[in-house]
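Report on the structure
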Amino acid sequence: MSFPKVAALAALLCMMLRGSFAQLSSTFYDKSCPNLTAVVRDTVSQALQGDVRAGAKLIRFHFHDCFVNGCDGSVLLENQDGVESELDAPGNEGIQGFDIVDSIKTAVEASCPNTVSCADILAISARESVVLTGGPSWVVQLGRRDSQNANRTGAENNLPSPFETLDQLRAKFNAAGLDSIDLVTLSGAHTFGRSRCVFFSGRLNNFNGTGSPDSTLDPTFRDALVIACPTGDGNNRIALDVATPDAFDNAYYADLVTNRGLLQSDQELFSTEGAETIEIVNRFAGNQSDFFAQFGQSMINMGNLQPLLAPAGEIRTNCRRVNPTTTTTAGTAVM
Ligand code: HEM
Ligand SMILES: *[C@@H]1O[C@H](CO)[C@@H](O)[C@H](O)[C@H]1NC(C)=O
Ligand SMILES: *[C@@H]1O[C@H](CO)[C@@H](O)[C@H](O)[C@H]1NC(C)=O
Ligand SMILES: *[C@@H]1O[C@H](CO)[C@@H](O)[C@H](O)[C@H]1NC(C)=O
Ligand SMILES: *[C@@H]1O[C@H](CO)[C@@H](O)[C@H](O)[C@H]1NC(C)=O
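Residues numbered from 1 in each chain as written. Chains lettered and ligands numbered in written order. Predicted model: local features only at pLDDT ≥ 70, side-chain atom pairs only at ≥ 80, totals over all residues. Heavy atoms only, no water.

Quick note on the threshold: UniProt positions are given in the numbering used here, feature names are shortened, and annotations may be inferred rather than shown by experiment.
Under an unreviewed UniProt entry, the protein has the name Peroxidase and belongs to Cucumis melo. Taken from UniProt, the Subcellular location (unreviewed entry) comment for the protein reads in full: "Secreted". Quoted straight from UniProt, the Catalytic activity (unreviewed entry) entry for the protein says "2 a phenolic donor + H2O2 = 2 a phenolic radical donor + 2 H2O".

Shown next as structure tokens:
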């Protein structure tokens, strides 16, 4: 072996022994925060007792985080000097659950101060939310750092809209590095949580200028939605999964098969003629274990998008704000 190769190998070994080898790993906090999973689970569980939607809110944060500059906690940043919050992008308008994220962060800080990133807190919370509502578990990869900036343009461009066609949804997932299986699988998170009427009321009457309701919407379900969304009440919140609104199961896919997907973007997965996604919807509608196994895999895929690794980024003290720059070394904020 040549000298440069030996030197490079020695440097690599050195980094690994010091535990600073920069890549995601399921054991990242085993030494620095051994009780992390229990603390997060406990706090999410408490949140669920007061708010049946707590889990839905948390997994959505992780999704909106990962789709903009990777999973780096950028979605949580509010407007401040040098930061144009992603929360002002249309896709994040009205997103909820900051109080829950704050309570998890507070509990984690009490157990392991200045150790766990907000990006990782979202990743673990997403899994705990699914497990606590009846869904599958998976091994969460950890070691993400928090960004020191946000990307509002990225949020405007990358987040999918409920008014998009399958082609458009696929394009956004592909651009992020996710395929059609991930798209169908991750959309299954709409097995819990709510959507405001404004995101689907266009389907109820004059859909897309046709003068009729969306033809892919079951007429009886449509009539119920008309009653649930009286004109002027665009902010009423309706279950994304009409069958089992708060449980994490495969009922979402049976909804699609019976034309009871709430959002156009949901129903597109099953109703787009000739699409390869139809077969996947049918598969998951008929086999919950199959959906659960794939859901864990797709969540890992999403969680692996563009990780921000040490020495870049920071461990934020307050998830909503970049740390004050007093002690941090200039030049580490590389994005
Ligand atoms: C495929 C493209 C997607 C579109 C167009 C979409 C769109 C939406 C919309 C419009 C809402 C309602 C927001 C509101 O009323 O304020 C919503 C809620 C939700 N989304 Fe998605 N979503 C998509 C994919 C995903 C993915 C991949 C996940 C997670 C893995 C997810 C998780 C959720 C959850 C859990 C809720 C309910 C949140 C709550 O109750 O507060 N969505 N989504
Ligand atoms: C770990 O956290 C849980 C939940 O907060 C707590 O009940 C338990 O006592 C903690 N265990 C240790 C060893 O700190
Ligand atoms: C923001 O996101 C866009 C993708 O929409 C990307 O092209 C751009 O490089 C990002 N900007 C920064 C500063 O990361
Ligand atoms: C809506 O109408 C436009 C123009 O007629 C058409 O290109 C598009 O495919 C329609 N969208 C849906 C979901 O039917
Ligand atoms: C359901 O999916 C699981 C996991 O992929 C598989 O092992 C099982 O054989 C499937 N069951 C049926 C009835 O197809």
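**A short note on the site of ligand 2**
Rule in force here: For this purpose, a residue is taken to be near a molecule or strand whenever a single non-hydrogen atom of the residue falls within 4 Å of it. For this analysis, a polar contact is any N or O atom pair within 3.5 Å, provided that within protein one partner can donate a hydrogen and the other can accept it, and provided that sequence-adjacent residues contribute only side-chain to side-chain pairs. Per-residue and other accessible areas follow the Shrake-Rupley method at a 1.4 Å probe size, with only the shown protein chains counted as cover for residues. Side-chain classes follow a simple rule in which Ala, Val, Leu, Ile, Met, Phe, Trp, Tyr, Cys and Pro form the nonpolar group, Asp, Glu, Lys and Arg form the charged group, and the remainder, Gly included, forms the polar group.
Taken together, Asn35, Ala38, Val39 and Asp42 form the complete shell of residues around ligand 2. In this structure, an oxygen atom belonging to ligand 2 sits 2.4 Å away from a side-chain N or O atom of Asn35. If ligand 2 stood free it would expose 360 Å²; the protein chains cover 32% of that surface. Grouping the constituent residues of the shell around ligand 2 by class yields two nonpolar, one polar and one charged.

**Structural notes on the UniProt feature "binding site: Ca(2+) 2" (unreviewed entry) in the protein**
To keep it simple, the criterion reads: In this scheme, a residue with accessible area under 20% of its type's maximum is buried, one over 50% is exposed, and one in between is partly exposed, where area comes from a 1.4 Å probe on protein chains only. The helix and strand labels rest on DSSP assignments: H or I over at least four residues marks a helix, E over at least two residues marks a strand, and numbering proceeds from the N terminus. Contacts: residue pairs with any heavy atoms within 4.5 Å of one another.
According to UniProt, the feature "binding site: Ca(2+) 2" (unreviewed entry) maps to Thr191, Asp241, Thr244 and Asp249 in the numbering used here. Across 59 residues of sequence, these annotated residues stay compact in space, with a maximum C-alpha separation of 9.8 Å. On the accessibility criterion, Asp241 (0% relative accessible area) is buried. When you line up the elements, Thr244 lands in the loop between β2 (237–239) and α10 (251–257). Beyond its immediate chain neighbours, meaning those up to four positions away, Thr244 contacts Thr191, Asp249 and Ala251.

**Brief notes about the UniProt feature "site: Transition state stabilizer" (unreviewed entry) in the protein**
Listed under "site: Transition state stabilizer" (unreviewed entry) in the UniProt record, and renumbered for this structure, are Arg60. Residue position: Arg60 is located in helix α3 (residues 54–66). With near-sequence residues (within four places) excluded, Arg60 lies in contact with Gly91 and Ile95.

**Quick look at the state of the cysteines**
Filter applied, for reference: The term disulfide is used for any two cysteine sulfur atoms that are within 2.5 Å.
With the rule as written, the count across this model stands at four disulfides. Each disulfide pairs two cysteine sulfurs, and for Cys118 the partner residue is Cys319, the sulfurs being separated by 2.2 Å. Its S-S torsion of approximately -90° makes the covalent link between Cys118 and Cys319 left-handed. Of this pair, Cys118 sits in helix α5 (residues 118–132) while Cys319 sits in the segment after α13 (288–303), and the two are 201 residues apart along the sequence. Like Cys118, the residue Cys319 is buried in the burial classification. Paired by a disulfide, Cys197 and Cys229 hold their sulfur atoms 2.0 Å apart.

**Brief notes about the confidence of the model for the protein**
It should be kept in mind that the predicted coordinates are not to be read in detail where pLDDT is low. The cut-off we apply is this: In predicted models, pLDDT denotes the confidence assigned by the predictor to each residue on a 0 to 100 scale.
Overall, the predicted model of the protein reaches an average pLDDT of 93, with 90% of residues at or above 70. Low pLDDT, under 50, characterises residues 12–20; the stretch is placed with four contacts to residues that sit more than four places away or in other chains. In this model residues 331–335 is a low-confidence stretch, pLDDT under 50, and it forms twelve contacts with partners more than four residues away in sequence or in other chains.

**Looking at the nonpolar core**
Convention followed: In this text, buried Ala, Val, Leu, Ile, Met, Phe, Trp, Tyr and Cys residues form a nonpolar core when linked through side-chain atoms within 4.5 Å. Here the bounds of each domain stem from an automatic or database domain assignment.
Counting residues in hydrophobic clusters, the biggest one holds 68 residues, and the most contacted among them are Leu76, Phe295 and Met302. Mapping this core onto the domain boundaries places at least three of its residues in each of domain 1 (24–157 + 303–334) and domain 2 (161–299). Other than its neighbours up to four places away in sequence, Phe295 contacts Ile59, Val130, Pro136, Trp138, Thr185, Leu186, Ala189 and Phe248.

**What to know about the coordination of the iron atom of ligand 1**
Our working definition: Coordinating donors are taken to be N, O and S atoms lying within 2.8 Å of the metal, or within 3.2 Å when the metal is Na, K or Ca; because water is excluded from the atom set, some sites may appear incomplete.
Counting protein donors to the iron atom of ligand 1 gives just one, His190 (NE2), placed at 2.1 Å. Within the secondary structure, His190 is located in the loop between α8 (180–187) and β1 (194–196).

**Some remarks on the pattern of salt bridges**
Note the threshold: Any carboxyl oxygen of Asp or Glu within 4 Å of a side-chain nitrogen of Lys or Arg constitutes a salt bridge here.
Taken as a whole and assessed by the stated rule, the structure comprises 18 salt bridges. A salt bridge links Arg152 to Asp88; the nearest nitrogen and oxygen atoms lie 3.3 Å apart. On the criterion of sequence distance, the pair formed by Arg152 in helix α6 (residues 152–158) and Asp88 in the loop between α3 and α4 (98–111) is long-range, its members being 64 residues apart. You can call Asp88 partly exposed: its relative accessible area is 45%. Among the salt bridges present, the one from Lys172 reaches Glu164, with a minimum N-O distance of 2.8 Å. Residues Lys172 and Glu164 agree in their burial class; the two are buried.

**Topic: the side chain of Thr191**
With respect to the element layout, Thr191 can be found in the loop between α8 and β1. Take Thr191: its relative accessible area is 0%, and that puts it in the buried class.

**So, the domain arrangement of the protein**
Just so we agree on the cut-off: What counts as buried area is the accessible surface, traced by a 1.4 Å probe, that two parts surrender upon association, with contributions from both included.
Entries for the protein in the domain assignment read domain 1 (24–157 + 303–334) and domain 2 (161–299). Between the C-alpha centres of domain 1 and domain 2 there is a distance of 26 Å. Facing the 22 residues of domain 1 at the interface are 17 residues of domain 2. Summing both partners gives a buried area of about 1,700 Å² for domain 1 against domain 2, and 67% of it is carried by carbon and sulfur. Across the contact surface, domain 1 and domain 2 share one salt bridge. With its nearest N and O atoms 3.7 Å apart, the salt bridge here joins Arg196 to Glu93. Taken together, the links from domain 1 to domain 2 amount to three residue pairs in polar contact (both at pLDDT 80 or more).

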